[in-house]
Amino acid sequence: MASAPFKKILIANRGEIALRVICACKDLGIATVAVYSEADRDSLHVRFADQAVCIGPARSARSYLDIPSVISAAEITGADAIHPGYGFLSENAGFAEVCEVSGLKFIGPRPDVIRSMGVKERARELMKAAGVPILPGSDGVLTTGAEALETARAIGFPVILKASAGGGGRGMRVVQDEAQLEHLFAQARAEAEAAFGVPDVYLEKYITAPRHIEFQILADEHGNVEILGERECSIQRRHQKLIEEAPSPVLKPETRVAVMARLQEAIRAVGYTNAGTAEFLMDDAGNLNFIEVNARIQVEHPVTEAITGVDLVKSQILIAGGARLGEILGGPVTLRGHAIECRINAEHPETFAPCPGRVTGLNIPGGIGVRVDTALYTDGVVPPYYDSLVAKIIAMGRDREEARVRMLRALEMFVVEGIYTSVPLHQRILSDDGFIRAEFDTNYIARLLG
Ligand code: ADP
């Protein structure tokens, strides 16, 4: 294993992922700087980092998304690299550029690569050119309703309109027939403009009952690329993932091998570096079709860590320091056992309304085969300003059933008092026949909740 490539890393994030990065830095002997908003003064990432700098008020636009404040915090503390986590500035090419010109190493892909992956129809074209299968769709952005109609007719309904700059499941519209197209096209453009500041929309074939399967990428700065198997993320509510597992219970070994080989070539061809994820949708015939690349560490990375034994965040840091994958991984990566992750949100389990507030009592489960990534603590406050994800429970076993039973045990022993969480929903899913048999698609939750 390579030695520490940086002296001090600033973590431009909060919550469980900020703690996750702090853990990797501690394991590498690298000092850490936390940044925090006024609402996060008493957070665990502030407590466990070696230094902490307040970068502004609660609202993320004025703190975690405020590039000059983050850069100043790095300069004042003498950090030599920045880890962006996920969300916030993690896929902001402009931020990566500012880091570069400020002499700070951005722990992620190069700015130009982030930019080309962030324009989703461009990423589609790049992958297609490199031989990765994509869904039939428009060649780039659609400018008029008439053009959208012509493309949709050629592909066949239903189709989905997607924001070019989209993310987090927003800016998408499913179009069932011609009559809806013009009006939904205008809606999708308006929503894209409002959410991402760019109205560009493209279109692709809508798969009625897909499974979401994604591949973990690691690529060093010397042209070496490894694909660390896949994650199945079909358990979603409103296009937001709730449960992920690795490996996928349905992917055929020959499909896995074929897609991994093509993806490896494509990722090398686009000059991608650091960690990333290529997302695919599986159609009825079991074929995988590329939809997008996420140029960052994912929320669900621990399930891959569980079945590969590879520390993905540590790998990101070592890659950014110039190490070679061969040295980081120390030999071929093998997939062993099965892992499931439940995303625990601070929300009402039936109404899904966010439920911030003070945690008055807490028990974090443990025991064989269980990992919990969380920034919760007794008397800590979950502020209302940020994402409602408060904990990730990862259960692993020699096979899927062992992991599932351990997850149920962990969910039972995960006690959070003072706020509502989505634990009861997870218990229901983990005990459901459809989940047990692994017979589900991305509409599973909608069906379960009726
Ligand atoms: P985002 O970047 O906003 O998360 P994605 O392109 O990753 O958007 O899609 C998120 C989810 O939306 C997918 O996991 C899937 O459930 C659904 N989705 C996206 N594209 C399609 C499609 N062509 N057909 C059916 N469902 C889709």
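Before any of the text, the structure's been laid out above.
Here the structure is a predicted model, which is why all the values come from computation and not from measurement. (Residues numbered from 1 in each chain as written. Predicted model: local features only at pLDDT ≥ 70, side-chain atom pairs only at ≥ 80, totals over all residues. Heavy atoms only, no water.)

Draft legend 1. Here's a closer look at the packing of aromatic side chains. Tallied over the entire structure, the rule returns nine aromatic pairs. Note on F435 and F440: the rings are 5.7 Å apart at their centroids and 15° apart in plane angle, and the pair reads as stacked. We classify F440 as buried; its relative accessible area is 4%. A centroid spacing of 6.1 Å and a plane angle of 65° characterise the contact between F440 and Y444, whose relative ring orientation is edge-to-face. Accessibility classification places F440 together with Y444 in one group, the buried group. By way of ring pairs, the aromatic residues Y64, F88, Y385 and Y386 are connected into one cluster. The ring of F440 has R211 lying over it, and the distance from NZ or CZ to the ring centre is 4.4 Å. (Phe/Tyr/Trp six-rings, centres within 6.5 Å; stacked < 30°, edge-to-face > 60°. Buried < 20%, exposed > 50% of the residue type's maximum accessible area, 1.4 Å probe, protein only. Lys NZ or Arg CZ within 6 Å of the ring centre and 35° of its normal.)

Draft legend 2. Region of interest: unusual backbone geometry. Note that the residue after F157, namely P158, is joined by a cis bond; omega there is -5°. Relative to the helices and strands, P158 is located in the loop between α7 (145–155) and β6 (159–163). Note the cis peptide between A246 and P247, where omega equals -5°. With respect to the helices and strands, P247 occurs in the loop between β11 (240–246) and α9 (253–269). One non-glycine residue with positive phi stands out, namely F88, at about 35°. (Helix = DSSP H or I, 4+ residues; strand = E, 2+ residues; numbered from the N terminus.)

Draft legend 3. Focus on the sheet that holds strand β2 (residues 31–37). In spatial order, the strands read β3-β2-β1-β4-β5; together these five strands make up an open sheet with parallel pairing. The open sheet is flanked by β3 (51–56) and β5 (105–106), the only strands paired with a single partner. Bridge count for strand β1 (residues 8–11) against strand β4 (residues 81–83) is three bridges, and the pairing is parallel. Bridging from a neighbouring strand, I9 pairs with A81 of β4. The sheet contacts of helix α1 (residues 15–28) involve β1, β2 and β4, and relative to β1 the element is tilted by about 170°. (Pairing = 2+ DSSP bridges. Contact = heavy atoms within 4.5 Å. Axes fitted to C-alpha atoms, helices over the stretch in contact; angles between N-to-C directions.)

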